[in-house]
Amino acid sequence: MALGATIFKAELKIADLDRNYYHDHALTLARHPSETDERMMVRLLAFALHADEALLFGNGLSTSDEPDLWQKDLTGAIDLWIDVGLPDEKLIRRACGRARQVYLYTYGGRTVDMWWNQCRGKLEGTKNLTVYNLPPEASSAIARQTQRNMRLNCTIQERQIWLSDGNESALVELITLKSLPPA
């Protein structure tokens, strides 16, 4: 018998001073049986960084055809594709062909360095891809805030992200591995 997803609830208060976005979100996250707390919380962080009423969680690990998060326009075209982890470069290039913008949030310390060294050359030509890496201490700190029912505050200012559960705060400073070319 296959294990089902574990359901987590999050009340997320976002104060994004960089985008002038101030909103509260009541989120339901389904954690796949093979997903870690760390990965789920990186998905939640990615939601906070791109928060919008139209941003939705995808099937992610369950389906290679869907991202962890996505946002579609009114015609059904994919505006934003967000993945977490270290996906195969072919899946990333396919996502870049399907979506207007693709963001990838990696984590995992040295594993990221090895993965990026293998993928970098194949992904440099993609014009709509941005890749960020979370330092291991940051992804571990946000993973420690995992609870079945969470109340989190996220403050974003000048590329610094503070995630707090009321007891513990974690500072996340993303490392840019690949950014969009200048406009």
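Structure: see above.
Overview of the structure. Counting from 1, residues in each chain are numbered in the order their sequence is written. Totals for whole chains, interfaces and linings use all residues, but because this is a predicted model, local features are given only for residues with pLDDT of at least 70 and pairs of side-chain atoms are given and counted only at 80 or more. Calculated side-chain values reflect all of the structure's heavy atoms, with hydrogen atoms and water omitted.

## As for unusual backbone geometry
How we decide: Per the convention used, a helix needs a DSSP run of H or I reaching at least four residues, while a strand needs a run of E reaching at least two, with both numbered from the N terminus. In this scheme, a residue with accessible area under 20% of its type's maximum is buried, one over 50% is exposed, and one in between is partly exposed, where area comes from a 1.4 Å probe on protein chains only.
Of note, the phi angle at Asn20 is positive, near 55°, even though the residue is not glycine. Residue placement: Asn20 occurs in the loop between strand E1 (6-16) and strand E2 (21-31). According to the relative accessible area criterion, Asn20 is exposed, its value standing at 60%.

## Some points on the environment of Leu163
Operational definition: In what follows, residue pairs with any heavy atoms lying within 4.5 Å of each other are defined as contacts.
Looking at where Leu163 falls in the secondary structure, it is placed in strand E9 (residues 160-164). Between the C-alpha atoms of Leu163 and Gln145, which are 18 residues apart in sequence, the distance is 8.9 Å. Ignoring any residue separated from it by four or fewer positions in sequence, one finds Leu163 in contact with Leu12, Met41, Ile142, Gln145, Leu152, Asn153, Cys154, Glu168, Ser169 and Ala170.

## Things to note about the nonpolar core
Quick reminder of the rule: Among buried residues, the Ala, Val, Leu, Ile, Met, Phe, Trp, Tyr and Cys ones that are joined through side-chain atoms within 4.5 Å form a nonpolar core.
In terms of nonpolar packing, the biggest core is built from 39 residues, with Leu12, Tyr105, Leu134 and Ile142 touching the most fellow members. If you tally residues by element for this core, the top one is helix H1 (residues 37-50), at nine residues. Sequence-distant contacts of Leu134, that is, excluding residues within four places in its chain, are made with Val42, Leu45, Tyr105, Thr106, Tyr107, Ser139, Ile142, Val172 and Leu174.

## Remarks on the sheet that holds E2
Operational definition: At least two bridges found by DSSP between two strands are what make those strands a pair. A fitted line through C-alpha atoms serves as each axis, taken over the contacting stretch for helices, and the angle formed by two N-to-C directions is quoted from 0 to 180°.
The mixed open sheet is built from five strands, whose spatial order is E2-E1-E8-E9-E10. If you trace the sheet from one side to the other, it starts and ends with E2 and strand E10 (169-172), each paired once. Strand-to-strand twist in this sheet, taken as the mean axis angle between neighbours without regard to direction, amounts to 20°. In this sheet, E10 lies alongside E9 in antiparallel orientation, the contact comprising four bridges. Considered in E10, the bridge of Trp162 is made with Leu171. Where H1 meets the sheet, its contacts fall on E1, E2, strand E8 (149-157), E9 and E10, and the angle it forms with E2 comes to roughly 150°. Contacts from helix H4 (residues 136-143) reach E9 and E10 within the one sheet, and its direction differs from that of E10 by about 150°.

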